[in-house]
Every structure is written in C-alpha cells, then in structure tokens.
Amino acid sequence: MTKRNPIGALLISTMLAGPAWAEDVTLTIESWRNDDLAIWQDQIIPAFEAAHPGIKLNFTPSAPAEYNAILNSKLEAGSAGDIITCRPFDASLALFEAGHLADISALDGMSNFSAVAKSGWSTDDASIQYCVPMASVIHGFIYNKDIFAELGLEEPTTEAEFFAALDAIKDDGSYIPMAMGTNDQWEAATMGYNNIGPNYWKGEDGRLALLAGDQKLTDEAWVAPFRQLAKWGDYLGDGYEAQTYPDSQNIFTLGRAAIYPTGSWEISGFNGLADFEMGAFYPPVQAAGDTCYISDHTDIGIGMNAATDNPEAAKTLLNWVGSPEFATIFANALPGFFPLSSAPVTLDDPLAQEFISWRGECESTIRSTYQVLSRGTPNLENETWNASVAVIKGDESPEDAGQRLQKGLASWYEPQQ
Amino acid sequence: MRKHENSPRFRWHIVVFLAPAVLVYTAVMIYPLFNTLRLSFFAEVDQQRVFVGLQNFHRLFGDAIWSNQFWNALGNNLWFFLIHMLVQNPIGIALAAILSHSRLRFAAFYRSAIFIPTILSFVIVGFAWKLILSPIWGIAPGMLDAVGLNSLYAPWLGKEEYALTTLSLVSVWQFVGIPMMLIYAALLSIPEEILEAAEVEGITGLSAFWKIKLPLILPSIGIISILTFVANFNAFDLIYAAQGALAGPDFSTDILGTFLYRTFFGFQLQLGDPHMGSAIASAMFLIILLGVCLYLFGIQSRMRRYQF
C-alpha cells in the first residue's frame, strides 16, 4: 500500500507531524539578505529562541535583486511570511499603503530609535511607523594604511589635504590614487555625490530644506559636491569609464589603489580579502574646524505582515529586534551594518569601530535622494547616478547637472515648482 | 442519412496531436501577449486598477520624459539591428560559402567552433566579453599593445560613442553561427546538376557564387533577415548582463528591451509600473508586427521561387 502511494504517505506523515509542532508558534521571516543566512541561524535565532520559548523562527531569504518582486507576489497571494524585512522608503511605504505591513507605532521597542533612524520606515508625516529600523550603513573613505605609510601621508580631514594626498599618490605613480569606476553608475552617486555631499548641504538641514522646497538642486550647496566630483576623474585609474564595482573592490583589496570611496558594508568582505591594514576617514570638510556631516543611511528594517496569524509572537520578535541585545549581536556578526538603536553598542572590529565613532564626531543624515524625492518620473536617484557619472567624466558641467536634476524634480514634485 | 455516413469521419487524431502544442503555446505565449495588450489600457490609481484607455500611450509618446527615452531606445535598437544586418549576415553568408567548398579541410570543426557561441548563455557571453575588454584585467589592451596599436585601445564599454557598437559586435560574434548554418543548409540543397551545367557554360568560382548560388539562397537570406529583426527588437539579455538595467553609459546602450524592463519591474528606487511597462511592450509588439508584415507582403510575396 505505502509503496504504491508514496505521496499519500508523505502527506499523512506531514499531517501527523503537524500537531506535534502546533504548540510552538513558528514565524517565517522574509528577507533579501541571503548573505546573512548563517548569522541568523547560528547566532540570532538561537539567542531569540532561548529567551522566548514557544516561538520558533524560520529565516527564508531570497536573492536581493528578486526580493521585491517575489515578496510582492507572495503578499498578493497571501503566502508571505509573518515577518517582512523592509527596504527603506518608498518600496516599503507602498507595501504599507497596500495594507500588507501592519502599523507598529505603538511598539515599546520604538522608543529606542531617533527620528532620523525611523524616517526610512514611517509615513511622510512621520505619524505611523511600519517597520523597526534594523541597520544602517555609513559612508566614508577606506584607505590602505601601508600605502599611506610608504608615501608618508596622513588621514586627510579637509578638502585641501584630501586633494594634496591624491596628488602625492598620483605623482608617486606606483598606485592608483582612488579606486572607483563609472560603468555601474551607482558608485558615482552613492559613494561620490551622497558621500561627500552632506558636508556641503549641512546634512539634515539641507536635505529637509530640499524636501520642503526651500532649497533647490541648483543652489551652491547642491552643485558644490558635483564640482568636487568633477575633479575626481583625474585620480581614477586608466579606463575607469568601463571599470565596474567588483573591479574597484578588487583593485583596492589587491593593494593597487590607495583610497576607496565607499560605505561600511564593505568591511566584512574586505576583512577577508585585504592582506594590508585598512583605515577609514570621513568625507573631508571644506575648512579645518567645520562640522562634519556623514551619510548614516538607513538600509534594513523589519516589519510585520498585516495578515499574519501570530501577531503577538511577531510583536515579541519586533520588540526584541529593537533591543540593545539584538543590536550587539547583529553589529558584531555583521561589522559594517550598524544598529540604528540609540543604545550604546560595543563593536570588536577596529574598522567598524572607526566608522561608528563618527556618529559621535559628526552629524548624521541619510542619502538625499531616498526619501520622497525618488517617487516620481524622472526618478531623482537614478538621475543623480547619471549626472554624477557625466560630471566625473567631464561630459556635463556641475552647473548643468544641477539644472537638469532640478528641472526633472520640479516637473513632478510640487514643493519644488 | 446516407450522405452523413459517407462523409469522412471527423479526424480526432489531428486534434489530439495538435492539442499539446496549442495548449502550451496558448498558455505561455498567446494568453500573456493579449493580457499585456489589455494591461496597457489600465493604470493604478489609489491601489485600484482602472481603465484609462490610451492614456499610457499618450504619456509614452506625448510626455518628453517618456518619449525621449522611447525614441532613444528605438534609435539604439535600429543601430543594433543595422550592425547585425551589415556585419553578422554578410559574414554568415561568406562563412557558409567557404564552408560549403568541397575542398576545405576540417570544415566540420570550423562549423562547430563558429556555432558554439550561439548555444552559450547571454550571461556568460556578456561577462566574458566584459572581462576581455576590461581596461584593468582584460586581454584586449595587452593584445593591442603587443602589436604596437595600444593607442587604439579605449575602454569601449564605458564610452558613450562606442558602447552600443561594441555590444552589437559582441552579439554578432555570438550569433553569426545561425545565418551561417541556415545558408550552409541552403547551399547544400542546390542540386549539383545546376552547378555542373553552369560550369559547362564557363561559370565557375566566384562568379558561380554571385550568379547561381546567391539568387538561389535569397529566400533563406530573407528568412534570416526577418529572424534577425525579430531577435534584435526583442533583445535585452546581453545589454542587461553587460551594462545593467540602466544601460549605461548615459543610456547609450538602452534598447527597447531594457527600457521595458526598467519600467515594468522598476529599478533601484524607481518602483515598477506594470501598466506603463505593458504600453512599452505593446509598442514593441506593434513595431515587430509592422516589420514582419512589411517583409511578408512587401518582400516575401514578390520573391521568385525556383523549382528543381
């Protein structure tokens, strides 16, 4: 009998197995972070399950590029997991507006987060919060300490020092001054424009003024970063026009380039690849003594499927994600992804420590194009990629780039009209 | 009654044999095609799908933000097609002519070697060529250096003026085996008698190719042209694998396929818009339909067929 009907046997065995597990609530977590699978299974899930008997976690990540599409179709079909990892800003806002993400503003753990940290996952008026902020990435420059020592260079703190260092490396000729290419476009905007920009537009002040329509992309504060980018082209390697992001990573970790404009997410990968000591400095300020501003960009949040069968258990998990305990585990397991909670966290990785220490020295902001401004067509983020590349290559003047972006933004964003 | 009995029995086996193909084709091709056409007449307003008639098309062709992108993609697509027609197909025909030469040694080896790239995945071809042409790790700069032509090297894939042509040539390299194979088969099917008769008349060598073989393979060249047209206007994979969905630098390699992908599925912070995407897909469908109709009624029907 059983031999003739293996599928039936399987079904029966699942039915028998089902009740045995029914006492425990199992929460399924949707995520695009398949890189983190081992960390969840070995560290985060055991820590949570030990503290909360009766709740089991099942982490089911999918490929980053496919996550949004897969998640949307699962939510439409009602087969999505209880817990949903949230992309920042509009992708998650759309899910909330479609009724897929639950309102979790009342959660206790929310009190651990600052307004900037929460901005990635709240409605435009900041009244409703639908995801718990989980991690951010900080922008800056990583450099090769050996090359700096060899050439007798110091960490630059002002723009003049920064370009003096680049000139020194270029004159020496043994190394590429800065590893960045324009082929994939996003580096030019993310590691270029949005990395150095906050120093000019004064972080949140400028960003919120732009959102409110009080500043324009043609203002000096928004054109000046382009002016600096226009000078970068001379310091990038030969053929940087066709250099891709993995090319840049390899050039730097192989020790062929001295400075790498980047973000903290590289730390864990680079630790395993580079056999030299790495240091980091924040975007150099215009004049010595100026306040520094860093892009401390909200990147990962976690929320609750509005259709979950286990809302209480899900809230327990979300509260725990907001706790200092989770922040410590997560930050040390993934150096470079920094917890957003205000609670102090100790980090073991020296490079990650360097990055997170800037939070004390500088003012934090997020990438200027992410909140609201990339909602329309043309999309400001994608336009900024294009403009940053054109400026670095010298195809477009900084002023023209600013004008083009402003024109595109004003075509659909009312406060800018 | 008698008449009924005499009429041929309904031939069920025809239905049975056709059914799998018809069902599969309907499910995976015809239904999605018509559903896409249908979707292009809708838009999403406040989480609701509403019928908007031709508004999406009006936006696509009337709004400069959309129409500039569309015409840019269409222009690039035409250039992509032109390079295939001017480079891929003549080379394919020449290769077939050489291969069909009876005294060529290792013909089978060359045939397979030239055909193999065709069966490679776009992703492999895209990445392999990206590496070959890479200014950092690539062998292209080194090879040009070795023959003293280093000054000719440029980071082609990163330069607006060269990127699309470079990618078109990569695609030509990949697919030159298809016209070669089709023409090769057509050349083999030319009866020996005709060639011998021509030889008796004193037509040999190159002039035999131009005067006898080429006219006889014209229908095959027509088929190849239309296959190239359809494939090129549906192309997407190679550009996506080599340059990403933004089809850089500065949209200089953006073709209709990548434009459709970006719009339909969204990209980075740009959320997907299935309805505008469907409008672009419908426009693509109409362009291809128009091209195929022009070919069928304008060229195919006038083509002379030779009966042997």
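Residues numbered from 1 in each chain as written. Chains lettered and ligands numbered in written order. Predicted model: local features only at pLDDT ≥ 70, side-chain atom pairs only at ≥ 80, totals over all residues. Heavy atoms only, no water.

### Quick word on the UniProt feature "domain: ABC transmembrane type-1" (unreviewed entry) in chain B
Stage number 1. As recorded in UniProt, the sites labelled "domain: ABC transmembrane type-1" (unreviewed entry) are residues 74–297 of chain B.
Stage number 2. When the span residues 74–297 of chain B is considered, its composition is 74% helix and 2% strand, and the gap between its end C-alpha atoms is 23 Å. (UniProt positions renumbered as here; feature names shortened; annotations may be inferred. Helix = DSSP H or I, 4+ residues; strand = E, 2+ residues; numbered from the N terminus.)

### Overview of the interface of chain A and chain B
Stage number 1. Listed as interface residues are 32 residues of chain A and, on the opposing side, 25 residues of chain B.
Stage number 2. Taken together, both faces of the contact between chain A and chain B bury some 2,300 Å²; the carbon and sulfur share is 59%.
Stage number 3. Linking chain A to chain B there are one salt bridge.
Stage number 4. When the shortest N-O distance is used, the salt bridge between E241(A) and K159(B) registers 3.3 Å. (Contact = heavy atoms within 4.5 Å. Buried area = accessible area lost by both parts, 1.4 Å probe. Salt bridge = Lys/Arg side-chain N within 4 Å of Asp/Glu carboxyl O.)

### Overview of helix α13 (residues 256–265) of chain B
Stage number 1. Considered for burial, the residues of α13(B) that qualify are L256(B), G257(B), T258(B), F259(B), R262(B) and T263(B).
Stage number 2. Within two residues after α13(B), G266(B) carries a phi angle of roughly 80°, on the positive side. (Buried < 20%, exposed > 50% of the residue type's maximum accessible area, 1.4 Å probe, protein only.)

### Re the layout of surface pockets
Residue and element names in this part refer to chain B.
Stage number 1. One number sums up the size of the second largest pocket: a volume of about 810 Å³.
Stage number 2. When contributions to the lining of the second largest pocket are tallied by element, the ones reaching two or more residues are α2 (12–39), α13 and α14 (274–299).
Stage number 3. Of all the elements, α2 adds the most residues to the lining of the second largest pocket, at 10 residues. (1 Å grid on protein atoms, 1.4 Å probe; cavity = no way out; pocket = protein on both sides within 12 Å on 5 of 7 lines; lining within 4 Å. Points joined across faces, edges and corners; volume = space filled by probe spheres on them.)

### Notes on the pattern of salt bridges
Stage number 1. Enumeration over the complete set of coordinates arrives at 12 salt bridges over all chains.
Stage number 2. Each of D90(A), D124(A) and R375(A) takes part in salt bridges that share partners, so that together they form one network.

### Some remarks on a nonpolar patch on the surface
Stage number 1. A surface patch of nonpolar side chains, about 700 Å² in accessible area, is lined by F10(B), W12(B), I14(B), V15(B), V16(B), L18(B) and V22(B).
Stage number 2. Following the sequence through the fold, F10(B) ends up in the loop between α1 (2–6) and α2. (Patch = residues over 30% accessible without salt bridge, like charges linked within 9 Å, V, L, I, M, F, W, Y side chains within 5 Å. Areas by Shrake-Rupley, 256 points an atom, 1.4 Å probe, with all protein chains shown as cover.)

### Quick look at the pairing of strand β2 (residues 55–61) of chain A
All names here are of chain A.
Stage number 1. As paired strands, strand β1 (residues 25–31) and β2 are joined by seven bridges and run parallel to one another. Note that in β2 the partner of T26 across the bridge is K56.
Stage number 2. Handedness of the crossover joining β1 and β2 through helix α2 (residues 37–51) is recorded here as right-handed. (Pairing = 2+ DSSP bridges. Right-handed = clockwise from strand over helix to strand, strands pointing away.)

### Side note on the packing of aromatic side chains
Stage number 1. Summed over all chains, the structure comprises 50 aromatic pairs over all chains.
Stage number 2. Considering the side-chain rings of F122(B) and F175(B), the 5.8 Å spacing of their centres and the 55° angle between planes classify their relative orientation as tilted. With a gap of 53 residues between them, F122(B) in helix α6 (residues 122–133) and F175(B) in helix α8 (residues 160–175) connect regions that are remote in the sequence.
Stage number 3. By relative accessible area, which is 27% here, F122(B) ends up partly exposed.
Stage number 4. Members of the aromatic cluster, joined through ring pairs, are F141(A), Y143(A), F148(A), F162(A), F163(A), W232(A), Y235(A) and F281(A).
Stage number 5. Sitting over the ring of W32(A), R87(A) keeps its end group 4.2 Å from the ring centre.
Stage number 6. Directly above the ring of Y235(A) sits K170(A), whose terminal nitrogen or CZ lies 5.7 Å from the centroid. (Phe/Tyr/Trp six-rings, centres within 6.5 Å; stacked < 30°, edge-to-face > 60°. Lys NZ or Arg CZ within 6 Å of the ring centre and 35° of its normal.)

### Focus on the side chain of E266(A)
Residues and elements named next belong to chain A.
Stage number 1. Positionally, E266 belongs in the loop between β6 (257–263) and α13 (267–273).
Stage number 2. Despite its burial, E266 remains without a salt bridge, the nearest opposite charge being carried by R367 at 10 Å.
Stage number 3. Among the polar contacts made by the side chain of E266, one reaches the side chain of Q249 at a distance of 2.8 Å.
Stage number 4. Residues contacting E266, with those up to four places away along its chain left out, are M191, Y245, Q249 and Y260. (Lys, Arg positive; Asp, Glu negative; His and termini not counted. Polar contact = N/O pair within 3.5 Å; in protein donor to acceptor, adjacent residues only side chain to side chain.)

### Description of the nonpolar core
Residue and element names in this part refer to chain A.
Stage number 1. Counting 84 residues, the largest nonpolar core has V132, L317 and F355 as its most contacted members.
Stage number 2. Here this core gets seven residues from one element, more than from any other, and that element is strand β4 (residues 131–144).
Stage number 3. Viewed by domain, this core spans two of them, domain 1 (22–137 + 298–352) and domain 2 (138–296 + 367–416), each represented by three or more residues.
Stage number 4. The contacts of F355, once residues within four sequence positions are left out, are I138, H139, G140, I142, G263, S264, I267, A280 and F338.
Stage number 5. Residues Y175, I196, L380 and I392 belong to the second largest nonpolar core, which totals 42 residues. (Core = buried A, V, L, I, M, F, W, Y, C linked by side-chain atoms within 4.5 Å. Domains from an automatic or database assignment.)

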